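# Examining the three-dimensional arrangement
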Amino acid sequence: MRVVIQRVSEARVTVGGRVVGEIGAGILALVGFGKEDTVSLPESPAWKKMLDKLFNLRIFPDGDSKLNLSLTDVVGDLMLISQFTLYADCKKGRRPSFTGACQPYVASPLFDRFVDAAKAVAPGKVAAGEFGAEMHLDFTNWGPVTIILDSDDM
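This is a predicted model, so every value here is computed, not measured. (Residues numbered from 1 in each chain as written. Predicted model: local features only at pLDDT ≥ 70, side-chain atom pairs only at ≥ 80, totals over all residues. Heavy atoms only, no water.)

Our next topic: the pattern of salt bridges. As enumerated under the stated definition, the model contains five salt bridges in all. Here Glu22 makes a salt bridge to Arg12, at a shortest N to O gap of 3.8 Å. Linking Glu22 in strand E2 (residues 18-23) with Arg12 in strand E1 (residues 2-15), this pair joins segments that are 10 residues apart in sequence. The exposure class assigned to Glu22 is partly exposed, which follows from its relative accessible area of 41%. Overall, Arg12 belongs to the partly exposed group, its relative accessible area being 33%. In this structure, Arg18 engages Glu130 in a salt bridge whose closest nitrogen and oxygen atoms are separated by 2.8 Å. In this pair, Arg18 sits in strand E2 while Glu130 sits in the loop between strand E7 (126-128) and strand E8 (135-150), placing the two residues 112 residues apart along the sequence. On the basis of relative accessibility, which here comes to 46%, the residue Arg18 falls in the partly exposed class. Glu130 sits in the partly exposed class, given a relative accessible area of 28%. Three or more residues are tied together by salt bridges with common partners; here these are Arg12, Glu22 and Asp138. (Salt bridge = Lys/Arg side-chain N within 4 Å of Asp/Glu carboxyl O. Helix = DSSP H or I, 4+ residues; strand = E, 2+ residues; numbered from the N terminus. Buried < 20%, exposed > 50% of the residue type's maximum accessible area, 1.4 Å probe, protein only.)

Printed below as a string of structure tokens:
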């Protein structure tokens, strides 16, 4: 599992011209699953650690403009977007290979479970894109702050 976290002042996702989710200040997280991820991933320590990092990384400024506060501390919002392209392999040629990405029939329920798990502990609003849809994201990266998490590193 890979998650790319971006601190944002706002974010919106549209599908087919309709807004399916929007948030204020918080985190936009692109979430991807690899072919080694299985339906048992939500019971793993790595899953719990990824959620913990998402909510408790100190990437928000305190009163002294130091990055000392977490999404939980600032009661920020969260937007989750499924993103299989986080597993792109660009080693050969000019067309990325996505053979390292999880099959959609496994990834879709994993994404849904991740959204549900996030909603259960989120301090603020949680919004999500639509799995498998062509989505348009509009967001303002605040910082910029962008961090990559990989369950292999947990």
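With that out of the way, let us pick up the layout of surface pockets. If you add up the space inside the largest pocket, you get close to 310 Å³. Mapped onto the lining of the largest pocket, the elements with two or more residues apiece are strand E3 (26-32), strand E6 (77-82), helix H3 (104-121) and E8. The residue makeup of the lining of the largest pocket, split by class, is 12 nonpolar, five polar and no charged. (1 Å grid on protein atoms, 1.4 Å probe; cavity = no way out; pocket = protein on both sides within 12 Å on 5 of 7 lines; lining within 4 Å. Points joined across faces, edges and corners; volume = space filled by probe spheres on them. Nonpolar A, V, L, I, M, F, W, Y, C, P; charged D, E, K, R; others polar.)

What follows is about the packing of aromatic side chains. One pass over the full model with this rule turns up three aromatic pairs. Measuring from ring centre to ring centre gives 5.7 Å for Phe60 and Trp142, while their planes differ by 65°; the resulting arrangement is edge-to-face. Taken together, the residues span a long stretch of sequence, with Phe60 in strand E4 (residues 60-61) and Trp142 in strand E8 at a distance of 82 residues. Between Phe84 and Phe98 the ring centres are 5.0 Å apart and the planes differ by 70°, which places this aromatic pair in the edge-to-face class. (Phe/Tyr/Trp six-rings, centres within 6.5 Å; stacked < 30°, edge-to-face > 60°.)

Judged from the five bridges that link them, E1 and E2 form a sheet pairing that is antiparallel. Across the sheet, residue Ala11 finds its bridge partner in E2, namely Ile23. A loop of two residues connects E1 with E2, the two strands running antiparallel in sequence, and Gly16 in this loop sits at a positive phi of about 60°. (Pairing = 2+ DSSP bridges.)

The next thing to look at is the packing of helix H1 (residues 45-56) against H3. Think of two packed helices as two axes; the pair is described by the angle between the axes and how far apart they sit. Where H1 meets H3, the closest approach of the two axes is 11 Å, and the angle between their N-to-C directions is 50°. Judged on the interaxial angle alone, H3 and H1 are oblique. H3 is crossed by H1, and the crossing has right-handed handedness. Contact residues: H1 offers Trp47, Leu51, Leu54 and Phe55, while H3 offers Leu110, Arg113, Phe114, Ala117, Ala118 and Val121. Considered class by class, the residues forming the contact of H1 with H3 number nine nonpolar, no polar and one charged. (Axes fitted to C-alpha atoms, helices over the stretch in contact; angles between N-to-C directions. Parallel < 35°, antiparallel > 145°, perpendicular 65-115°, else oblique. Left-handed = near helix turned anticlockwise from the far one by under 90°. Contact = heavy atoms within 4.5 Å.)

This brings us to the nonpolar core. Side chains of nonpolar character tend, in soluble globular proteins, to be buried together. Counting 31 residues, the largest nonpolar core has Phe33, Leu78 and Leu80 as its most contacted members. If you tally residues by element for this core, the top one is H3, at eight residues. Core analysis: the second largest hydrophobic core is formed by 15 residues, Val8, Ile81, Leu86 and Ala101 among them. (Core = buried A, V, L, I, M, F, W, Y, C linked by side-chain atoms within 4.5 Å.)

In this section: the environment of Asp150. Its location among the elements puts Asp150 in strand E8. Residue Asp150 is classed as buried on the basis of its relative accessible area of 13%. Linking Asp150 and Met79, residues 71 residues apart in sequence, is a C-alpha distance of 18 Å. Those residues in contact with Asp150 that lie beyond four places of it in its chain are Met1, Arg2 and Met50. Polar contacts involving the side chain of Asp150 include one to the side chain of Arg2, which spans 2.8 Å. (Polar contact = N/O pair within 3.5 Å; in protein donor to acceptor, adjacent residues only side chain to side chain.)

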